[in-house]
Structure formats: structure tokens, C-alpha cells
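Each chain, written out:
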Amino acid sequence: MPEKMDQNNQLQFEQTVDTALGWVAHLRSDSASEQDRQAFALWLAESDANRRAMDEALALWDDLGVVRHMPLATEALPEAANNRNWLPTALAAAACLVLAVFLWPLTSPEPVTAQYQTATGERRDIALQDGSRALLNTGSSLEVTYADDERLITLKRGEAWFQVKPDQERPFHVDAGEARITAIGTAFNVYVHNGTTDITVTEGVVRVTELGETGARAATAEVLRKDQRLLVNPGRWQVSTSDIAQQLAWRSGQLVAREMPLLDLVAQIQRYYDKNIVVTDPDVAAMSVSGVFDLDQPDATLRALALSLDLETEELDDASVRLLKAGQ
């Protein structure tokens, strides 16, 4: 009787392996769905026999990494089903394939991606999933992707200031234009405009590396510390010391100008203004400006600027306004 019981148990165990192999064949196919994976997880958990079969199989393997290079020999299964000598090898293959292919999607979630953007004149303070912070400036867009091994932010356009929560296991990357900025625990500003990536460090240290193909040469890289600024242009990287108060005044809705060319000032105001600002007079364009301007009231700011420089504004149409000398 015990012998008969052993034979029955062996047969049942072999049937369990057959079931496991059926899961392998199905779940490795293109037709497998998320519901299939959930059903498999339930099957795996429903009995100790299923788990013992996997445990015994796993004991035969010292390195599960070999599974990545092992083909699924589904075509050999019918022949193997008629030959019980296949049991140890098939059991090991089934368990390892199940663990590597099916448990991985269930236990390792897909990277989490989120999109954020601002309209003209809008600023947005974003609390990121890991406890970091992103302050997004006007007309900006970024994509945030968090995985187990990294935190990746892509600044698609505009400007953002980041305050990074330290995490030694997951570096914090910001890809912007032709540069990747990497930080562990720091704060920095990134502005993408006209093919230039403008990076300013406000706390700690960041590493900036060149993105894209570099051919035979090594990728350009720079380490920046607090109060340093890097302008990344194609073929040219320029490091300087930054005036943080002026550079990041936008966070409080201000624009600080110190002997700033009028055209540069107009370009900054334009980012917050829904009308096109036109300067056609060369004498007006050659002016320089100093002062503190309110970015949240661009129309009033433009009028105050005109008054201080003895200029006036002229409405060209509903979408454009021109700066010109008073009385012209």
C-alpha cells in the first residue's frame, strides 16, 4: 500500500509539472495577458505541492541567470511526456522559467511615469514620488520616470528647479537638451532654450555629462558646485560663477535685471506674456535696463518698463505690441 501511495504521489507530482510547463508555454506567448499572470500567481499559491515542486527545482540551480540564455524547448514536450526520465530536467526548466519570466513582472513593478506641464505665465510646485521637489516655470514640460535603479526626469522644454532627496541606490538624473545632470542630494536649476541648456547649482554638487553620439571621442563631463553655472551649447561648454538671486528670482515671480540688454529683458518677459513683443528701432534695441520686474503681471511690467525708458507701447493687433520711442 505505501508503494502504491508513493506511485500515486509521483504521478500527481508529474502532472503538476505538466501543468507548470503548460503555464510556461502560454505565458511566454504573445497572447498572454495581465489576467493570465494573475491567474498563474493564484495557481502558484494555491497548494504546497506547487510550491514544493518549484523549491525542489530551484535547488538544482546555482545561478538563475542562466535562464536568460536558455531557449524554451516547447517542441520537445510531447516526446518528453512519454518518457518519465525527463522529470528532473523539465522540473528545473519549468520552475526557473516560471520564476524568471512570470514572477519578475509580478514582483518588480513597471517604472512609474508621470507628465507635468505649465501654461504661459504659470508656475507649478510639484511634490515628486520619492520626496524630491520640482518647481516648474512658465511654458515648461517634464516627464518623470521612477524605476528600481534610477529616477529619470526629462525636461522637454522650459525651466525647472529641483530639490533632490538623497537616495544612494537610485541616482537622480535630469536629461535636458544635450546634457544629463546627475545628483544624489542637492538642488539645481535647468533651463532649456534656443538649443542651450543652462544649469545652475544652488546646493551641493552635480555631475553633468554629454548625451548623444560622440563618435570616437569621450563624452564631455563637468562637476558643478554651489553657485556655479554651466551653459551647454553644441560643441561648447562654458562654466562660470552665477548670481543665484538673479538667476532664480523667477521662483518668487520676479525678474532681476542688472544692466541687461533690452532685447534680453524683452525675451524674458515674453515667456510670461501672451502677446508678441516687437522692437524694430535699433536705438531702442541697444538700451540696457536695471530693475526688478513682476513676472505675474507682464502687461503692467511692460508699461512700467516703457515709462522708465521714455518709451511707449503700441498695439499692433490683438496678438502683438511694439515698444518704440515716446512721441513717434
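Just so we're clear, the structure is a prediction, and the values are computed from it rather than from any experiment. (Residues numbered from 1 in each chain as written. Predicted model: local features only at pLDDT ≥ 70, side-chain atom pairs only at ≥ 80, totals over all residues. Heavy atoms only, no water.)

Draft legend 1. Structural view of the nonpolar core. Core analysis: the biggest nonpolar cluster contains 30 residues, and Leu 142, Phe 162, Phe 172, Phe 188 and Val 208 have the highest contact counts within it. Looking at this core element by element, the count peaks at four residues for strand β5 (residues 151-163). Ignoring sequence-local partners within four residues, the contact set of Phe 172 consists of Leu 128, Asp 130, Ser 132, Tyr 146, Arg 151, Ile 153, Phe 162, Val 164, Ile 181, Thr 182, Ala 183 and Phe 188. Counting residues in hydrophobic clusters, the runner-up holds 27 residues, among them Trp 250, Ile 269, Val 289 and Leu 309. (Core = buried A, V, L, I, M, F, W, Y, C linked by side-chain atoms within 4.5 Å. Buried < 20%, exposed > 50% of the residue type's maximum accessible area, 1.4 Å probe, protein only. Helix = DSSP H or I, 4+ residues; strand = E, 2+ residues; numbered from the N terminus. Contact = heavy atoms within 4.5 Å.)

Draft legend 2. Inspection of the environment of Arg 258 at higher detail. Looking at the secondary structure, you find Arg 258 in strand β14 (residues 254-261). Overall, Arg 258 belongs to the partly exposed group, its relative accessible area being 47%. Expressed as a C-alpha distance, the spacing of Arg 258 and Ser 290, which sit 32 residues apart in the sequence, is 4.4 Å. Non-local contacts of Arg 258, meaning those with residues more than four positions away in its chain, are made with Asp 243, Gln 246, Val 289 and Ser 290. Looking at Arg 258, its side chain comes within polar contact range of the side chain of Asp 243, at 2.5 Å. A distance of 3.4 Å separates the side chain of Arg 258 from the side chain of Gln 246, its partner in a polar contact. (Polar contact = N/O pair within 3.5 Å; in protein donor to acceptor, adjacent residues only side chain to side chain.)

Draft legend 3. Spotlight on helix α9 (residues 298-308). Restricting attention to buried positions, one finds in α9 the residues Pro 298, Thr 301, Leu 302, Leu 305 and Ala 306. The buried side chains of α9 occupy one side of the element, clustering within an arc of 135° when seen end-on. Turned more than 90 degrees away from the buried face of α9, the exposed residues are Leu 307 and Ser 308. Structurally, α9 contributes buried residues whose contacts are with α7 (262-270), β15 (276-279), β16 (288-294), β17 (311-317) and β18 (320-325). (Arc of directions from axis to C-beta.)

Draft legend 4. Spatial organisation of the packing of aromatic side chains. As enumerated under the stated definition, the model contains two aromatic pairs in all. Clustering of aromatic rings is evident, with ring pairs tying together Phe 162, Phe 172 and Phe 188. Seen from the ring of Tyr 146, Arg 170 lies directly overhead, with NZ or CZ sitting 5.4 Å from the centre. Here Arg 251 stacks its cationic end above the ring of Trp 161, 4.5 Å away from the centre of that ring. (Phe/Tyr/Trp six-rings, centres within 6.5 Å; stacked < 30°, edge-to-face > 60°. Lys NZ or Arg CZ within 6 Å of the ring centre and 35° of its normal.)

Draft legend 5. Expanded view of the packing of α7 against α9. With their axes 11 Å apart at the nearest point, α7 and α9 run at an angle of 165° to one another. Here α7 lies roughly antiparallel to α9, going by the angle between them. Both α7 and α9 take part in a crossing whose hand is left-handed. Taking contact as the criterion, the partners of Leu 262, Leu 265 and Ile 269 in α7 are, on α9, Pro 298, Thr 301 and Leu 305. Residues that form the contact of α7 with α9 fall into these classes: five nonpolar, one polar and no charged. (Axes fitted to C-alpha atoms, helices over the stretch in contact; angles between N-to-C directions. Parallel < 35°, antiparallel > 145°, perpendicular 65-115°, else oblique. Left-handed = near helix turned anticlockwise from the far one by under 90°. Nonpolar A, V, L, I, M, F, W, Y, C, P; charged D, E, K, R; others polar.)

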